[in-house]
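Report on the structure
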Amino acid sequence: KEEVINVYKDSAGMTFDAEEYERLNLYEIVSAGGLLITEETSQEDITEAFRASAYTGPYRHPSYGGNTEKFSFLTRAYATLRFNKGTYDNHRKTMM
């Protein structure tokens, strides 16, 4: 019998399994480069924070000395906040 795994797929095509998605605070991941973002942050500022994090911090791009797996968390977090922020925010509110 095949096991069914709940998978969240955002509009950018990035996938998270349900358990992983529950653990992550995507705002913290995208803010790791030093620019703090919150639910009230504009899309432009989310993009700016993503770019800063891609150059510095623990989730930086491999070309800048980062780890490929950690950078994939950053890109997935950014894609969710960029393209599906409302759904993510609503989901977080129901989990709190």
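Overview of the structure.

Let's shift gears to the overall build of the chain. Looking only at helices and strands, the chain has four helices and two strands in total. The secondary structure elements of the chain, listed N-terminal to C-terminal, are β-β-α-α-α-α. Among the 96 residues that make up the chain, the fraction classed as buried is 34%. Intrachain contacts of the chain at a sequence separation of at least 6 include 54% that bridge at least 24 residues. Accessible surface for the chain amounts to roughly 6100 Å². Of this, 50% is attributable to carbon and sulfur atoms.

Scanning the entire structure with this criterion turns up three aromatic pairs. Relative to Tyr88, the ring of Tyr27 lies with its centre 5.9 Å away and its plane at 50°, an arrangement referred to as tilted. Separated by 61 residues along the polypeptide, Tyr27 in helix α2 (residues 26-30) and Tyr88 in helix α4 (residues 68-95) bring together distant segments of the chain. The burial state of Tyr27 is the same as that of Tyr88; both residues are buried. On the basis of an interplanar angle of 20° and a centroid distance of 4.2 Å, the ring pair of Phe50 and Tyr78 is categorised as stacked. Taken as a pair, Phe50 in helix α3 (residues 43-55) and Tyr78 in helix α4 lie far apart in primary sequence, 28 residues in all. In this structure, Arg82 is placed above the aromatic ring of Phe83, and the distance from its NZ or CZ to the ring centre is 5.9 Å.

Turning to the side chain of Thr41, a few remarks are in order. As for its placement among the helices and strands, Thr41 is situated in the loop between α2 and α3. For Thr41, a relative accessible area of 14% translates into the label buried. A polar contact is formed between the side chain of Thr41 and the backbone nitrogen of Thr38, at a distance of 2.7 Å. Contact partners of Thr41, with chain neighbours within four places excluded, come to Ile46 and Lys85.

Calculation rules
Each chain has its residues counted from 1, following the order in which its sequence is written. With the structure being a predicted model, the display of local features is reserved for residues of pLDDT at least 70 and the display and counting of side-chain atom pairs for 80 or more, all residues being used for whole-chain, interface and lining totals. Excluded from the side-chain calculations are hydrogens and water; all other atoms, namely the structure's heavy atoms, are used. What counts as a helix is a DSSP run of H or I of at least four residues, what counts as a strand is a run of E of at least two, and both are numbered from the N terminus. For the exposure calls, accessible area comes from a 1.4 Å probe over protein chains only, and a residue counts as buried if that area is under 20% of its type's maximum, exposed if over 50%, partly exposed in between. Throughout, a residue-residue contact means that at least one pair of heavy atoms, one from each residue, lies within 4.5 Å. Here the open area of atoms and residues is found with the Shrake-Rupley method and a 1.4 Å probe, where only the protein chains shown may cover a residue. Side-chain rings of Phe, Tyr and Trp, where Trp is taken by its six-membered ring, are said to pair if the distance between their centres is within 6.5 Å; with planes under 30 degrees apart they count as stacked, over 60 as edge-to-face, and otherwise as tilted. By definition, being over a ring means that NZ of Lys or CZ of Arg is both within 6 Å of the ring centre and within 35 degrees of the ring normal. Distance and chemistry together define a polar contact, namely a pair of N or O atoms within 3.5 Å, with one atom able to donate a hydrogen and the other to accept it when in protein, and with adjacent residues in sequence counting only for side-chain atoms on both sides.

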